[in-house]
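Given next are the chains, with one letter for each unit.
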Amino acid sequence: MSASPLRVGIIGVGMMGADHADRLVHRIAGAELVAVSDPDAARVADLAARFAGVRTVGDPLELIADKGVDAVLIASPGFVHEEQVLACVEHGKYTLCEKPLTMDSESSLRVVEAERNKAGRPLIQVGFMRRFDPEYARMKRLLDSGDLGRILLVHNTHRNKTVPETFRSEMIVSDSLVHEVDVCRWLFDDEIATITVVAPKPTGRAADGLLDPQVAIFQMAGGGMATTEVFVNCQVGYEVRCEAVAELGNVTVGLGQDVFVRSDNHYGGHIPDDFRDRFARAYDLEVQAWVDASRRGEVVGPTTWDGYAATAVCTAGLQSLATGRPVPVDLADRAEVLRGAAT
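Here is what the cut-offs are and how they apply
Residues numbered from 1 in each chain as written. Predicted model: local features only at pLDDT ≥ 70, side-chain atom pairs only at ≥ 80, totals over all residues. Heavy atoms only, no water. UniProt positions renumbered as here; feature names shortened; annotations may be inferred. Phe/Tyr/Trp six-rings, centres within 6.5 Å; stacked < 30°, edge-to-face > 60°. Helix = DSSP H or I, 4+ residues; strand = E, 2+ residues; numbered from the N terminus. Buried < 20%, exposed > 50% of the residue type's maximum accessible area, 1.4 Å probe, protein only. Lys NZ or Arg CZ within 6 Å of the ring centre and 35° of its normal. Core = buried A, V, L, I, M, F, W, Y, C linked by side-chain atoms within 4.5 Å. Domains from an automatic or database assignment. Contact = heavy atoms within 4.5 Å.

Looking at an unreviewed UniProt entry, one finds the protein named Inositol 2-dehydrogenase and attributed to Micromonospora inositola. Comment text from UniProt for the protein, heading Catalytic activity (unreviewed entry), reads "myo-inositol + NAD(+) = scyllo-inosose + NADH + H(+)".

Peer 1: Is there a simple way to think about the packing of aromatic side chains in this case?
Peer 2: What the rule picks out here adds up to four aromatic pairs. Residues Tyr136 and Phe279 carry aromatic rings whose centres are separated by 6.4 Å and whose planes lie at 45° to one another, so their mutual orientation is tilted. Residue Tyr136 is found in helix 6 (residues 134-145), and its partner Phe279 is found in the loop between helix 8 (275-278) and helix 9 (280-296); the two are separated by 143 residues along the sequence. The residues Tyr136 and Phe279 share a single accessibility class, namely buried. Each ring, one from Trp305 and one from Tyr308, has its centre 5.1 Å from the other, and the planes form 70°; the classification is edge-to-face. With Trp305 and Tyr308 both in helix 10 (residues 304-323) and three residues apart, the pair spans about one turn of that helix. Neither residue differs from the other here; Trp305 and Tyr308 are each classed as buried. Site record: aromatic cluster; members linked through ring pairs are Tyr136, Tyr238 and Phe279. A cation over a ring is seen here: Arg278 above Phe279, with NZ or CZ 4.2 Å from the ring centre.

Peer 1: When you look at unusual backbone geometry in this model, what are you seeing that I'm missing?
Peer 2: In terms of backbone geometry, most residues other than glycine have negative phi values and most peptide bonds are trans. Of note, the bond from Lys99 into Pro100 is cis; its omega dihedral lies within 30 degrees of zero at -5°. Here Pro100 lies in the loop between strand 5 (94-97) and helix 5 (105-119). In the segment running from Asp212 into Pro213, the intervening peptide bond is cis, with an omega of 10°. Residue position: Pro213 is located in the loop between strand 8 (192-198) and strand 9 (214-220). Although it is not a glycine, Asp189 adopts a positive phi angle of roughly 55°. Turning to its location among the elements, Asp189 is positioned in the loop between helix 7 (169-188) and strand 8.

Peer 1: Explanation requested: the nonpolar core in the structure shown.
Peer 2: Ranked by size, the top nonpolar core spans 99 residues in total, and within it Leu24, Val36, Val154, Leu187, Phe218 and Trp290 carry the most contacts. If you tally residues by element for this core, the top one is helix 7, at 11 residues. Each of domain 1 (6-130 + 281-303) and domain 2 (134-278 + 308-335) gives at least three residues to this core. For Val154, the residues in contact, after removing those within four places along its chain, are Cys184, Leu187, Phe188, Met225, Ala226, Thr227, Cys242, Glu243 and Ala244.

Printed below as a string of C-alpha cells:
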C-alpha cells in the first residue's frame with residue numbers, strides 16, 4: 001500500500017457529495033480531500049471553505065485530469081456519469097461512482113468496455129453501499145455458508161418518509177429500486193432474467209401523477225424469485241428491510257427492535273428520516289474500503305459490470321412500469337465482453 005494518503009477529488013457536492021466530503025475529512029483513514037467541483041459555484045465554495053486545503057475546480061473534467069488528484073468520487077447527477085467515468089478511465093484514476101453507473105444499459109456497457117479495453121484493469125467501484133452494511137454483510141455470509149441450504153426467495157421493503165414534488169414514477173425504479181436490484185443479484189449470486197413492475201392506486205400523499213407505491217418482481221436466471229415494495233411517501237420514516245428465504249430457514253435484516261406501531265418516526269424504536277442515518281456505517285465502510293483498495297492499486301466491491309447489470313434491469317423495469325407486463329432483461333454476454341477486452 002502507498003505510504004502517501006490518497007488525494008481525492010469530489011465531483012458533485014449536493015446532499016450525497018457533501019456527506020462524503022465530511023466523511024473523507026473526519027472519518028476515513030489514508031485519504032486527503034484536495035478538490036471539489038460542482039456547477040453551483042456558491043455551494044461548492046461554501047463546502048470548500050469548511051475544510052483546509054481544499055480547492056474548487058470549475059470544470060469536473062479538469063478535476064479528473066488534475067495531476068494533484070489521485071482518485072475521484074463521483075456524486076453528480078446520473079445523466080453526466082458516463083462522460084465523467086469515461087474521463088476517469090482515460091486518465092487512469094480510481095473512481096467511486098455513486099449509483100447509477102449511467103442512465104441506460106447501452107451507456108453502462110460502454111463504460112464496462114472502456115474500463116476493460118482502454119484501462120486494461122479495474123478502476124471503478126459503484127456505490128451500492130448495502131454490500132458494506134454490517135447487517136447485509138452478515139446475511140450474505142450466512143447464505144454463502146450453506147447452513148440454510150439454497151436461497152429460494154428474497155423479500156425487500158424500501159420506504160422513504162417523503163420525496164420532493166419533482167420525484168417522478170420512473171425515479172422509483174431508477175433511483176430507489178436499483179439498490180434492491182443489486183442486493184438481489186448479490187445475495188443470489190445470479191442475474192435477473194425478467195422484471196415485472198406494477199402499482200396499486202397511489203397514496204393520497206403522492207404528487208399528482210406519481211405512481212407510489214410500486215411492487216417489483218424479479219425472476220432470477222437460476223430459478224429464484226424476489227419481491228420488492230418501494231413506497232417513497234410512506235410518512236413513517238426511512239425503512240429498509242430484507243428477508244432471504246432458504247431451504248432450511250430464513251434471515252431478515254433491518255428489523256431494529258420489536259415492532260408494534262409505526263407512527264411518527266417510532267415503532268418501539270427510532271425510525272430514521274433518511275438514508276444517511278440508516279446507512280451511515282455502510283457508507284463509512286464503503287469509502288474506507290475504496291480508499292484502501294485504491295492505495296493498493298485494486299478495486300473492491302461492486303464493479304462496472306454490477307453497475308451495468310443493475311442499469312439493464314432498471315431499463316427493463318421502466319418498460320414494465322409503462323406496460324404492466326413482465327419484461328426480459330437484455331444483458332450482454334459477460335464472457336464475450338471479457339473476451340473482447342482481452343483481444
